[in-house]
Amino acid sequence: MNQLTSALGLDLPLLQAGMGGIAGPELCAAVSGAGAGGALALYKEPPQRVRELVRAVVASTSRPFGVNVIPEVTGPAGCRAQLRAALDELPPNAFVTSFGLPDTDTAHDVVRAGRVLVIQVGTLHDADAALRLGAGVLVLQGTEAGGHLLGELPAARLLHETRARHPDAVLAVAGGVATGSDLTRVLGQGADGAMAGTLFVPAAESAAHPYYKQRVVDASADDTVVTTRFDIGWPARPHRVLRNSLTGKAPRHPATFIATTRAGGRRWPVPRYSAAVPVAETVGRIEEMAMYCGRSCARVAGQHPAAVLVEGFRRPHEAAGRTHVTSTEGGPWKKHSSR
């Protein structure tokens, strides 16, 4: 065991990102059931729906898992309402992850409830603030990561700076992690573990749309780009996505509706440049929607069950623990070296 597995009760020092629209109960339970830290995305879900989603995970696994909130999207009041509903349903071994800094009251509510608070940050300043808020685990997001970006540093540099300032903190790295070899690498750089998101987008249990899943599988690192185009619903936050017809330098098209999606039992229109991802029930111009994807996509090559993906970390991680050398073992998800 290391600091991360000990803090969260995991078999492996690996967390799954709480990807809105994608990380539903099925994916969360499958990742946790395999021994890693699954995360249930609460995103913009109302409290009653939060209760239903948490119950679905609890019914599927007895292993530790997390619920993920996004304070800058829901606002402090919305975030606290989600967490109150979640905490009523969570088992004792569950934890809470926050994408970005929560407000002081929210953070203190989690800590007072006896839950480990995991906060994802992208700057050294925010790492300092997260620890003052009572974070038991920090996830350091580098610019290699897919999705919305919290900082401007690559993961290795942010880890180096944070570890130098906080030598005893429990630190995980997000960005550039898709294989057991990647995990071994970041552990060797001083991390206690890692968070993977892109790897789990094409997972069998992921709620992502089939077109989105296949694009991630087919992509190379240079097929991703950092942009601010998909800002409706989540403004002022750069994001790494797969390139499409909207990510170039051409002027913006009208933000007319291009698709419909289902959420909370209802169908909703999706405007062009929406921050929403295409999920299995989305219908319309999927190719124009935001498809968040990190540079680690170059090492993601199949739509495997989450248990298979997690097992791909276990073997090289255990081998590295026995031999103290970096593993180069691959698996069924490893692309050809030319990619």
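Residues numbered from 1 in each chain as written. Predicted model: local features only at pLDDT ≥ 70, side-chain atom pairs only at ≥ 80, totals over all residues. Heavy atoms only, no water.

1. Let's talk about the pairing of strand β8 (residues 171-174)
Looking down a regular strand, the side chains alternate between one sheet face and the other.
Alright, step 1. Of the two faces of β8, the one holding Leu171 and Val173 and the one holding Ala172 and Ala174 are both buried throughout.
Alright, step 2. Pairing geometry for strand β6 (residues 137-141) and β8, over 4 bridges, is parallel. Residue pairing in the sheet places Leu140 in a bridge with Val173 of β8.
Alright, step 3. Inspection of the sheet shows β8 paired to strand β9 (residues 193-196) by 3 bridges, in the parallel sense. Bridging across to β9, Val173 finds its partner in Ala194.
Alright, step 4. Handedness of the crossover joining β8 and β9 through helix α8 (residues 180-188): right-handed. (Buried < 20%, exposed > 50% of the residue type's maximum accessible area, 1.4 Å probe, protein only. Helix = DSSP H or I, 4+ residues; strand = E, 2+ residues; numbered from the N terminus. Pairing = 2+ DSSP bridges. Right-handed = clockwise from strand over helix to strand, strands pointing away.)

2. Some details on the nonpolar core
Alright, step 1. By size, the foremost hydrophobic cluster in this structure holds 98 residues, and its most contacted members are Leu27, Val67, Phe200 and Tyr212.
Alright, step 2. If you tally residues by element for this core, the top one is helix α4 (residues 71-89), at 5 residues.
Alright, step 3. Excluding its chain neighbours within four sequence positions, the residues that come into contact with Leu27 are Gln16, Met19, Ile22, Phe200, Ala203, Glu205, Ser206 and Ala306.
Alright, step 4. Among the nonpolar cores identified, the runner-up in size contains 5 residues, and Ile258, Ala259, Ile286 and Met289 belong to it. (Core = buried A, V, L, I, M, F, W, Y, C linked by side-chain atoms within 4.5 Å. Contact = heavy atoms within 4.5 Å.)

3. Thoughts on the sheet that holds strand β2 (residues 38-41)
Alright, step 1. Read from one edge to the other, the open sheet built from 8 strands follows the order β1-β9-β8-β6-β5-β4-β3-β2, with strand pairing classed as parallel. Lying at the two open borders of the sheet, with one neighbouring strand each, are β1 (14-16) and β2. Sheet twist, expressed as the average angle between the axes of neighbouring strands with direction ignored, equals 25°.
Alright, step 2. Together, β2 and β3 (65-69) form the strand contacts of helix α3 (residues 47-60), whose direction differs from that of β3 by roughly 160°.
Alright, step 3. Each of β5 (117-121) and β6 touches helix α6 (residues 124-132); the most contacted strand, β5, lies at about 165° to it. (Axes fitted to C-alpha atoms, helices over the stretch in contact; angles between N-to-C directions.)

4. Brief notes about the pattern of salt bridges
Alright, step 1. What the rule picks out here adds up to 19 salt bridges.
Alright, step 2. Across the salt bridge formed by Arg49 and Glu52, the nearest N and O atoms sit 3.3 Å from each other. Pair noted here: Arg49 and Glu52 are both in helix α3, with a separation of 3 residues, about one helical turn.
Alright, step 3. Of the charged contacts, one joins Asp128 and Arg165 as a salt bridge, the two residues approaching to 2.4 Å between their closest N and O atoms. On the criterion of sequence distance, the pair formed by Asp128 in helix α6 and Arg165 in helix α7 (residues 155-165) is long-range, its members being 37 residues apart.
Alright, step 4. Take Asp128: its relative accessible area is 13%, and that puts it in the buried class. (Salt bridge = Lys/Arg side-chain N within 4 Å of Asp/Glu carboxyl O.)

5. Side note on the confidence of the model for the protein
Alright, step 1. Here the protein shows a mean pLDDT of 93. Residues at 70 or above account for 94%.
Alright, step 2. Predicted confidence is poor over residues 324-339, with pLDDT under 50, and the contacts of this stretch with residues over four places away or in other chains come to 42 contacts. (pLDDT = per-residue confidence, 0-100.)

6. Considerations on the packing of aromatic side chains
Alright, step 1. Per the stated rule, a full pass over the model turns up 1 aromatic pair.
Alright, step 2. Arranged with centres 5.9 Å apart and planes meeting at 90°, the rings of Phe99 and Trp234 form a pair that is edge-to-face. Of the two residues, Phe99 sits in strand β4 (residues 95-99) while Trp234 sits in the loop between β10 (224-227) and β11 (239-242), which places them 135 residues apart along the sequence.
Alright, step 3. Residue classification places Phe99 among the buried residues on the basis of a relative accessible area of 11%.
Alright, step 4. Looking at Arg252, its charged tip hangs above the ring of Tyr273, at a distance of 4.0 Å from the centre.
Alright, step 5. Geometry around Trp268 places Arg266 over its ring, the cationic atom sitting 4.1 Å from the centre. (Phe/Tyr/Trp six-rings, centres within 6.5 Å; stacked < 30°, edge-to-face > 60°. Lys NZ or Arg CZ within 6 Å of the ring centre and 35° of its normal.)

7. Describing the side chain of Arg314
Alright, step 1. In this structure, Arg314 sits in helix α10 (residues 306-323).
Alright, step 2. Given the relative accessible area of 17%, Arg314 is considered buried.
Alright, step 3. Those residues in contact with Arg314 that lie beyond four places of it in its chain are Asp11, Leu12, Ala34 and Gly35.

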